[in-house]
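Each chain, written out:
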Amino acid sequence: MPADSPRLQGEDLEHIRSLAEFTDELPPILVHRPTMRVIDGMHRLKAAILRGERTIEATFYDGDDAEAFVMAVKANVKHGLPLSLSDRKAAAARIVQSSPHWSDRAIAEVSGLSAKTVGAIRSDSLSEVPEVYHRIGRDGRVRPLSTVDGRRFASELITLNPESSSREIARKAGISPSTVRDVRDRLRRGEDPVPTRRRAGSHTERHTRERKLQEYIKAEQFPSLRCRDEILQNLSRDPAIRMTEHGRAMLRWLHSESKQVEKDWGSLATRLPDHCMCLVADLACSIAEAWLEFASEMRSRDALEQC
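Nothing here was measured: the structure is a model prediction, and the numbers come from that model. (Residues numbered from 1 in each chain as written. Predicted model: local features only at pLDDT ≥ 70, side-chain atom pairs only at ≥ 80, totals over all residues. Heavy atoms only, no water.)

A. Examining the packing of helix α5 (residues 104-111) against helix α6 (residues 115-124) more closely. Across the interface, α5 lies against α6 with an axial gap of 8 Å and an inter-helix angle of 110°. As summarised for this structure, α5 and α6 are arranged roughly perpendicular, according to the angle between their axes. Considering only the axes of α5 and α6, their crossing is right-handed. Two secondary-structure elements touch here, α5 through D104, R105, I107, A108 and S111 and α6 through A115, V118, G119 and R122. Considering only residue class, the contact of α5 with α6 consists of four nonpolar, two polar and three charged. (Axes fitted to C-alpha atoms, helices over the stretch in contact; angles between N-to-C directions. Helix = DSSP H or I, 4+ residues; strand = E, 2+ residues; numbered from the N terminus. Parallel < 35°, antiparallel > 145°, perpendicular 65-115°, else oblique. Left-handed = near helix turned anticlockwise from the far one by under 90°. Contact = heavy atoms within 4.5 Å. Nonpolar A, V, L, I, M, F, W, Y, C, P; charged D, E, K, R; others polar.)

Encoded structure:
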């Protein structure tokens, strides 16, 4: 079967003709056994067909589709007709999406790019890439994406179960036992578990969930996102709502919920201990997600009614 090739423009006809004229025996092609697709060697395969040959030597590979594609990129970067820069960038973008837990350096080594270029590709694909908290480096070791997240998680574990050993918390949070001990000491002193020097450059690292919620609202492109007061006034004037007991109860609840969060969230944020802020942020996200599910249900019902 044809290759799942990293070459955006397909095979090079001139290179195929050159190989067909080559008198020596060509190296075996590499084939993905589950799909019988060529991983490496499409030029050699077509050259053999051009020479009228009916068989070709092949080596089989038994990994999954994503692994087979990585093998194809590796092989084409290291030998044969070189991949173009656009081919290598497209291949790196695909590996970022299929293997987001790979480090930038590991993907760079496979695709023949710099780690900086892979990092830029990852940033451009952020909305399409599954969220991960650890990455696997070139040496095969698993490392946390950010010690900021590890420290935050460790502080939550310590708060929930202060008797847990540092080694146990380190294993769960993906940080070292010495870092856990530092987090404990900071919590005892009433300090933020993340040192100021680490917090300074990490203001975007913890907002993935919030950003996803915001992007969801923007992606929906709701046509009637009006101001809160206007919506409440329109609901209050609607006879179908204000003339029923259930409707009036709903109005009272909506007014209360709307005003309460606007009135109190600022003072709540300033009075919370530092080590509890992420827990409350997660709680707020959970509530926001529940409201979004409710909003989606209302939109769906409205669409059915209009149909």
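B. Structural detail: helix α8 (residues 166-173). Along α8, the residues classified as buried are S166, I169, A170 and A173. Projection of α8 onto a plane perpendicular to its axis shows the buried side chains occupying an angular sector of 105°, all on one side. Turned more than 90 degrees from where α8 packs its buried face, R167 and R171 sit exposed. Immediately downstream of α8, the backbone of G174 shows phi near 75°, a positive value. (Buried < 20%, exposed > 50% of the residue type's maximum accessible area, 1.4 Å probe, protein only. Arc of directions from axis to C-beta.)

C. Structural view of the pattern of salt bridges. Summed over all chains, the structure comprises 12 salt bridges. In this structure, R44 and D40 form a salt bridge, with 3.0 Å as the shortest nitrogen-oxygen distance. Exposure remark for D40: the relative accessible area of 9% places this residue in the buried category. (Salt bridge = Lys/Arg side-chain N within 4 Å of Asp/Glu carboxyl O.)

D. Main features of the sheet that holds strand β3 (residues 58-61). If you trace the three strands from one edge of the open sheet to the other, you get β2-β1-β3, paired in mixed fashion. Here the strands that pair on one side only, and so sit at the sheet edges, are β2 (37-40) and β3. Across the sheet, the mean angle from the axis of one strand to that of its neighbour is 40°, orientation sign disregarded. Relative to β3, strand β1 (residues 29-32) is paired through four bridges, and the arrangement is parallel. (Pairing = 2+ DSSP bridges.)

E. Local environment of the nonpolar core. Ranked by size, the top nonpolar core spans 13 residues in total, and within it V73, I95, I107 and V118 carry the most contacts. Counting residues per element, the ones that place at least two in this core are α3 (65-78), α4 (85-98), α5 and α6. No other element matches the four residues that α4 contributes to this core. With residues up to four places along the chain from it excluded, the contact list for I107 reads A92, I95, V96, S99, W102, V118 and R122. (Core = buried A, V, L, I, M, F, W, Y, C linked by side-chain atoms within 4.5 Å.)

F. Region of interest: the confidence of the model for the protein chain. Of the residues in the protein chain, 74% reach a pLDDT of 70 or more, and the chain-wide mean stands at 77. In the model of the protein chain, strand β5 (residues 142-144) stands out as the element of lowest mean pLDDT, 59, in contrast to β3, which has the highest, 92. (pLDDT = per-residue confidence, 0-100.)

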